[in-house]
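# Descriptive analysis of the structure
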Amino acid sequence: MSAPFVLLGLLATGAKHGYDLKHAYDAALPRAKPLGFGQVYATLGRLERDGLVTPVAHDRDQGPDRTTYALTEAGQTALDGWLDAVEPSAPHAAGALVAKVAVALLAAEPERASGYLAAQRAAHQERLRELTRTKLDPEAALGDVIAADYLIAHLDADLSWLQTTLDRVANLRREVHP
Amino acid sequence: MSIVQAPIVQARGLVRSYGLTPALRGVTLDVTEGEILAVTGPSGCGKSTLLHCLAGIMRPDAGEVIYRGERIDNTSEKARAVLRRTDFGVLFQFGQLVMDLTAAENVALPLLLNGAGRREARTAALAWLERVGVAEVADSRPGEMSGGQQQRCALARALVTEPRVLFADEPTGALDTLTGEQVLAQLVRVAHEHRTTVVLVTHEPRVAGYADRELAMRDGTFDEAGAGIAVPHGRHGR
């Protein structure tokens, strides 16, 4: 789970309270699963318990008490360790896409698998076009462009795999019905 | 908003072979004015041959190519050459700039061939180099430019005659991802500003992502399953 480290990273740019952290999180990772306010405060509580952040101010600005948190030295060390650790690539080819194609090929006619692959490819291509439009928008924020790049690269890989699999299914059909 | 527009380029049952090897097996398509259409497919599927036939560079063995309601496949080579100089622009993967000429001279070339004066041609060339973001290389020769600069220069040359249709064959195939992206973004922006129709041939899904619509080819025809992936264009309300 990266959310605690993202919060540490955001605090590395300066002390903030929970409300600001939630908005900074959304701006930095606009296409990530949204982080609720409850999650932000719960995570801050755990980070404080572990000595990675510390409250530095309490203020009440026409509303409830707000606690401002700052990164501690231990927090900076934890953040550096996380940034330096290499992420392993996905260990198993077990996504729903792979599973569905494997089952379609085992349990149904190649036409069925081929039809599914083509429909999936169409959906991926449409999503890819939508993300490309996001990037072409002159108003797009850097966070949006980076997130779109990431999603496009993965869609591109999926599309290559879908195309190769479509070719394999077509070859298989030719072998079975020459 | 949905406005039905007449197709600007049409293909009807195009057939083309290289010796005994069929490249096109009866391709039919309509290209709507102002759209960016991507034709995708693996190597050897016939997409480049289709582009060459549509652009009047190559004649089909059978079938018709229609531009603005009139057949162009049965016209003379000279008539098609005129069309390519006036109404069509062509952009290839690489190797299209004259190495002995500067960027500005390369871009001015089509205008000079069309009878423009030297000063007028140079002014237009400089304006187009500026528009595609490489004004700084105007007096450099291709050998002194990066791949991305050369391809933008080629884009400026393809667009300097303000063609109605731009045919682009793997236009970013020789560029790295980020440079290719910059060239494509320029291409899309300029095409939309000038309402230029674009037929873009590519094997890369991410390049096809820049188009309004995509048609997938396989074995010389539109992929039966892939044909279903054609989505109505209309991103810009056209």
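### Remarks on the overall build of chain B
Counting its regular elements, chain B contains eight helices and ten strands. Compactness check: chain B gives a C-alpha radius of gyration of 17 Å against a globular reference of 18 Å for 238 residues, within 12% of the reference. Taking the principal axes of its C-alpha atoms as reference, chain B extends roughly 50 × 40 × 40 Å. The buried share of chain B, reckoned over its 238 residues, is 53%.

### Some points on helix H5 (residues 147-159) of chain B
All names here are of chain B. Here H5 contains 13 residues, and its C-alpha end-to-end distance of 18 Å stays within 8% of the 18 Å for a straight helix at 1.5 Å per residue. Where burial is concerned, most of H5 is hidden: ten out of the 13 residues are buried. The set of residues buried in H5 consists of Gly148, Gln151, Arg152, Cys153, Ala154, Leu155, Ala156, Arg157, Ala158 and Leu159. Summarising the contacts, the buried residues of H5 are in contact with strand S6 (88-91), helix H3 (103-113), helix H4 (118-131), strand S7 (165-169) and helix H6 (177-194).

### Concerning the confidence of the model for chain B
In the predicted model, chain B carries a mean pLDDT of 88, and 92% of its residues have values of at least 70. Overall fold confidence for the complex sits at a pTM of 0.78, while the interface term, ipTM, reaches 0.74.

### A few points about the environment of Arg16 of chain B
All names here are of chain B. By secondary structure assignment, the location of Arg16 is in strand S1 (residues 7-18). With a relative accessible area of 17%, Arg16 lands in the buried category. Spatially, the C-alpha atoms of Arg16 and Arg68 are 22 Å apart, while their sequence positions differ by 52 residues. Other than its neighbours up to four places away in sequence, Arg16 contacts Pro22, Ala23, Leu24, Thr49, Met58, Arg59, Pro60 and Asp61. Engagement of the side chain of Arg16 in a polar contact is seen with the backbone oxygen of Arg59, the distance being 2.9 Å.

Calculation criteria
Residues numbered from 1 in each chain as written. Chains lettered and ligands numbered in written order. Predicted model: local features only at pLDDT ≥ 70, side-chain atom pairs only at ≥ 80, totals over all residues. Heavy atoms only, no water. Helix = DSSP H or I, 4+ residues; strand = E, 2+ residues; numbered from the N terminus. Rg over C-alpha atoms; globule rule 2.2 N^0.38 Å. Buried < 20%, exposed > 50% of the residue type's maximum accessible area, 1.4 Å probe, protein only. Expected span 1.5 Å × (residues − 1). Contact = heavy atoms within 4.5 Å. pLDDT = per-residue confidence, 0-100. Polar contact = N/O pair within 3.5 Å; in protein donor to acceptor, adjacent residues only side chain to side chain.

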